[in-house]
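So you can see what is in the structure, the chains are spelled out below.
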Amino acid sequence: MTRYVMLADLRRCVGCQTCTAACKESNGTPPGVQWRRVLDLEVGEYPEVSRVFVPTGCQHCDDPPCMEVCPSTATKKRADGIVTIDYDICIGCGYCAISCPYEARYKVDHATFAYGPTPTATERSRFDAAKIGVVTKCTFCVDRIDAGVAAGKVPGVDPQASPACVNSCISGALRFGDLDDPDSGVSRLIAENQWFRMHEDEGTGPGFYYLWDKGTL
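A short tour of the structure in this document, coming up.

## Considerations on the overall build of the chain
From N to C terminus, the chain includes seven helices and 10 strands. Considering only C-alpha atoms, the chain reaches an extent of 50 × 45 × 35 Å along its principal axes. Of all 217 residues assigned to the chain, the portion counted as buried reaches 44%. Contacts in the chain between residues far apart in sequence, at least 24 positions, make up 57% of those at least 6 positions apart. Computing the positive centroid from 22 side-chain charges and the negative centroid from 28, the chain places the two 5 Å apart.

This is the structure in structure tokens:
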């Protein structure tokens, strides 16, 4: 089997937001829509205070609550763990966005552009009317993964088969791969480090792991 997951090493993330920019450029998302966000948090107590940067977005859950509430079956989970949305049958009701504990879904009812009502040449070339009036989210760049695999590339190893945010990460904080492969980079990192998953107590089984220290609990 294959279970694609992403991980973020919180010791390495520098909060540069390059992953956010790469995601927007790759997916052509409109203003205000950030499929890949980086939270800027303060931790500790004065005077021992530090900043922690936490990349977040769709967690591609094992048991996605967004899929359970979708009345049109537009949201689906693939056998490899990637959660997708079929824009052709999404009715834009927004139930999935309400049920998502990660605030990872967006809905845009009208076309908006960065510099007013007229799109730039780049925005015009990337505009997709199918994403207006429906819910959108991070897809782990599933089209890139599928095309890469078809060409014999390995997701998480070859850039041609890996998510844009992972490829762009300047510090190597973001990683991607097959958790069911014990020899994959993500499997080794998870085995060798302490980690957590967001809102794991919700029972969603997030496919996004956060590393924060060496060793295991």
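## Thoughts on the sheet that holds strand β1 (residues 4-9)
Ordered by their spatial adjacency, four strands build an open sheet running β8-β1-β10-β9, and the pairing between neighbours is mixed. Every other strand in the sheet has two partners, leaving β8 (174-178) and β9 (193-196) as the edge strands with one partner each. Direction aside, neighbouring strands of the sheet carry axes that sit 35° apart on average.

## Topic: the side chain of K137
Inspection of the secondary structure assignment puts K137 in the loop between β7 (135-136) and α5 (142-150). Here the side chain of K137 touches V83 through a polar contact of 2.6 Å, landing on its backbone oxygen. Sequence-distant contacts of K137, defined by excluding residues within four places in its chain, comprise W35, C58, H60, V83, T84, I85, A104 and R105.

## Here we look at the packing of aromatic side chains
Throughout the structure, instances matching the rule amount to six aromatic pairs. Geometrically, the ring pair formed by Y4 and F176 is stacked, given 5.5 Å between the ring centres and 20° between the ring planes. Here Y4 is found in strand β1, whereas its partner F176 is found in strand β8, with 172 residues between them in sequence. Both residues of the pair, Y4 and F176, belong to the buried class. Seen in terms of ring centroids, F208 and Y210 are 4.9 Å apart; in terms of plane orientation they differ by 15°. Their pairing is stacked.

## Here's the deal with the state of the cysteines
In this structure the tally under the stated criterion is zero disulfides. Cysteine C58 is unpaired, with the sulfur of C138 as its nearest cysteine sulfur at 5.6 Å. The cysteine C66 is free of any disulfide, with C100 supplying the nearest cysteine sulfur at 6.3 Å. What makes C66 buried here is its relative accessible area of 9%.

Conventions used here
Residues numbered from 1 in each chain as written. Predicted model: local features only at pLDDT ≥ 70, side-chain atom pairs only at ≥ 80, totals over all residues. Heavy atoms only, no water. Helix = DSSP H or I, 4+ residues; strand = E, 2+ residues; numbered from the N terminus. Buried < 20%, exposed > 50% of the residue type's maximum accessible area, 1.4 Å probe, protein only. Contact = heavy atoms within 4.5 Å. Lys, Arg positive; Asp, Glu negative; His and termini not counted. Charge placed at Lys NZ, Arg CZ, Asp CG, Glu CD. Pairing = 2+ DSSP bridges. Axes fitted to C-alpha atoms, helices over the stretch in contact; angles between N-to-C directions. Polar contact = N/O pair within 3.5 Å; in protein donor to acceptor, adjacent residues only side chain to side chain. Phe/Tyr/Trp six-rings, centres within 6.5 Å; stacked < 30°, edge-to-face > 60°. Disulfide = S-S within 2.5 Å.

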